[in-house]
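Remarks on the overall topology
Below, each chain spelled out in residue letters.
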Amino acid sequence: MIRQEDVKKILLEIEDTSIDFSLIFSGKKSRKVNGLYKPETHEIILHNHNFANDNELIYTAIHEYTHHKQAEAEGEVKKRPHTTKFWSMFHHLLSIAEEKGFYKIG
């Protein structure tokens, strides 16, 4: 299984950010969510025991990183975080991840 420091490096290779963030493996399994982004502290938390493989974990990491990138671009976090703009940015980052060999779509 991939290490948390490697996941952060991958996210930064997909697309850099001007705001530093922490990436944390919770060491837990969650029935509610696979991961979350805390905009106040710029933390991405991944419930790493939720994933059957690294590809699933990278998908969720990119999802949460998209929240970080959106907060960076807009300066705030919207009450409705999954907007059309969010999904567009997320799929763009997934495409870059696949081009660079970090993620396999499908």
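Residues numbered from 1 in each chain as written. Predicted model: local features only at pLDDT ≥ 70, side-chain atom pairs only at ≥ 80, totals over all residues. Heavy atoms only, no water.

**Side note on the overall build of the protein chain**
Check the secondary structure of the protein chain and you find three helices and three strands. On C-alpha atoms alone, the protein chain measures out to a radius of gyration of 13 Å, which is about the 13 Å that the 2.2 N^0.38 rule sets for 106 residues. Overall, the protein chain is about 35 × 30 × 25 Å in size when its C-alpha atoms are taken along their principal axes. When the 106 residues of the protein chain are sorted by exposure, 41% land in the buried category. (Helix = DSSP H or I, 4+ residues; strand = E, 2+ residues; numbered from the N terminus. Rg over C-alpha atoms; globule rule 2.2 N^0.38 Å. Buried < 20%, exposed > 50% of the residue type's maximum accessible area, 1.4 Å probe, protein only.)

**Observations concerning the pairing of strand 3 (residues 43-46)**
Taking every second residue as pointing to the same face, both faces of strand 3 are buried, with E43 and I45 on one and I44 and L46 on the other. Note: strand 1 (residues 22-25) against strand 3, four bridges, orientation parallel. Paired with F25 across the two strands is L46, which belongs to strand 3. Pairing of strand 2 (residues 35-38) with strand 3, which is carried by four bridges, proceeds in the antiparallel orientation. Opposite K38, over in strand 3, you have E43 as the bridge partner. (Pairing = 2+ DSSP bridges.)

**A look at the side chain of N50**
In this structure, N50 sits in the loop between strand 3 and helix 2 (54-74). Of the polar contacts made by the side chain of N50, one reaches the backbone oxygen of V33; its length is 3.2 Å. Within polar-contact distance, the side chain of N50 engages the side chain of N34 at 2.7 Å. (Polar contact = N/O pair within 3.5 Å; in protein donor to acceptor, adjacent residues only side chain to side chain.)

**Topic: the sheet that holds strand 2**
One open sheet holds the three strands; their spatial order is 1-3-2, and the pairing between them is mixed. The two strands at the open ends of the sheet, each matched to only one other strand, are strand 1 and strand 2. Direction aside, neighbouring strands of the sheet carry axes that sit 15 degrees apart on average. Packing of helix 2 onto the sheet brings it into contact with strand 1, strand 2 and strand 3, and relative to strand 2 it is tilted by some 20 degrees. (Axes fitted to C-alpha atoms, helices over the stretch in contact; angles between N-to-C directions. Contact = heavy atoms within 4.5 Å.)

**What to know about the pattern of salt bridges**
Applying the stated criterion across every chain, the model contains six salt bridges. Between R3 and D6 there is a salt bridge whose closest N-O contact spans 3.0 Å. For E74, the salt bridge is made with K85, and the minimal N-O distance between the two is 3.6 Å. Residue E74 is located in helix 2, and its partner K85 is located in helix 3 (residues 84-99); the two are separated by eleven residues in the primary sequence. (Salt bridge = Lys/Arg side-chain N within 4 Å of Asp/Glu carboxyl O.)

Read these as geometric descriptors, not functional statements.
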